[in-house]
Amino acid sequence: MKSLIKSITPPKGFKAATPTAEGDAGCDFESVDGKVVVQLKVGLHAFRDLHSAVISLAMEAARRPHIRRACLILLQPKAILTSVTREWAAMMRGVIDRGGGKRLALIMVWSDSF
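Notes on a nonpolar patch on the surface
- A cluster of nonpolar side chains, namely Ile80, Leu81 and Trp110, defines an oily patch on the protein surface of about 330 Å² accessible area.
- On the basis of relative accessible area, Ile80 is assigned to the exposed category, the value being 56%.

This is the structure in structure tokens:
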């Protein structure tokens, strides 16, 4: 799945994410001005995958306070829309700091193109 993500050309105004000193970018794309980061996940199968992705994205936003929006994009998720949105809301309420959580966004995409 990671190879699919690496083959996606960043949209206009975005570039491949810059790795940290530890070698992990924490996201897949970032805006040219560095204010928006995007993490892509393909075919979400279990909530543990969602939890891991959200925590990773929240940590990236905390590490870089100048980020205005940190987006998690789920491509072709296998989970049901209502279940994912319910779990996202629960994580925002119960796990993620309210200040940092306001900068996170969830986007789900279903398409026959992938």
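The rest of the description comes next.
Some thoughts on the confidence of the model for the protein chain
- Taken residue by residue, the protein chain gives an average pLDDT of 79. The fraction at 70 or more is 81%.
- Mean pLDDT across the secondary structure elements of the protein chain bottoms out at helix 1 (residues 2–7), with 58, and peaks at strand 2 (residues 29–31), with 91.

Focus: the packing of helix 2 (residues 47–63) against helix 3 (residues 81–94)
- Two numbers describe how helix 2 lies on helix 3: the axes approach to 11 Å, and their chain directions differ by 40°. For the element pair helix 2 / helix 3, the angle class is oblique. Where helix 2 crosses over helix 3, the two elements pack in a sense that is right-handed. Residues Phe47, Leu50, His51, Val54 and Ile55 of helix 2 pack against Ser83, Val84, Glu87, Trp88, Met91 and Met92 of helix 3.

Details of the pairing of strand 3 (residues 36–42)
- When you tally the buried positions in strand 3, you get five out of seven residues, the bulk of the element.
- With two bridges connecting them, strand 2 and strand 3 associate as antiparallel partners. Residue pairing across strands places Phe29 opposite Val38, the latter belonging to strand 3.
- The antiparallel pairing of strand 2 with strand 3 creates a hairpin that spans four residues between the two strands, and Gly34 there sits at a positive phi of about 75°.
- With seven bridges connecting them, strand 3 and strand 4 (residues 69–75) associate as parallel partners. Residue pairing across strands places Val42 opposite Leu75, the latter belonging to strand 4.

Brief notes about helix 3
- With 14 residues, helix 3 extends 20 Å between its outermost C-alpha atoms, agreeing within 8% with the 20 Å of an ideal straight helix rising 1.5 Å per residue.
- Of all the positions in helix 3, only Val84, Trp88, Met91 and Met92 are classed as buried. Considered in projection along helix 3, the buried side chains sweep an arc of 100° and stay on one side of the axis. Exposed residues lying more than 90 degrees from the buried face of helix 3 are Arg86, Arg93 and Gly94.

Definitions and cut-offs
Residues numbered from 1 in each chain as written. Predicted model: local features only at pLDDT ≥ 70, side-chain atom pairs only at ≥ 80, totals over all residues. Heavy atoms only, no water. Patch = residues over 30% accessible without salt bridge, like charges linked within 9 Å, V, L, I, M, F, W, Y side chains within 5 Å. Areas by Shrake-Rupley, 256 points an atom, 1.4 Å probe, with all protein chains shown as cover. Salt bridge = Lys/Arg side-chain N within 4 Å of Asp/Glu carboxyl O. Buried < 20%, exposed > 50% of the residue type's maximum accessible area, 1.4 Å probe, protein only. pLDDT = per-residue confidence, 0-100. Helix = DSSP H or I, 4+ residues; strand = E, 2+ residues; numbered from the N terminus. Axes fitted to C-alpha atoms, helices over the stretch in contact; angles between N-to-C directions. Parallel < 35°, antiparallel > 145°, perpendicular 65-115°, else oblique. Left-handed = near helix turned anticlockwise from the far one by under 90°. Contact = heavy atoms within 4.5 Å. Pairing = 2+ DSSP bridges. Expected span 1.5 Å × (residues − 1). Arc of directions from axis to C-beta.

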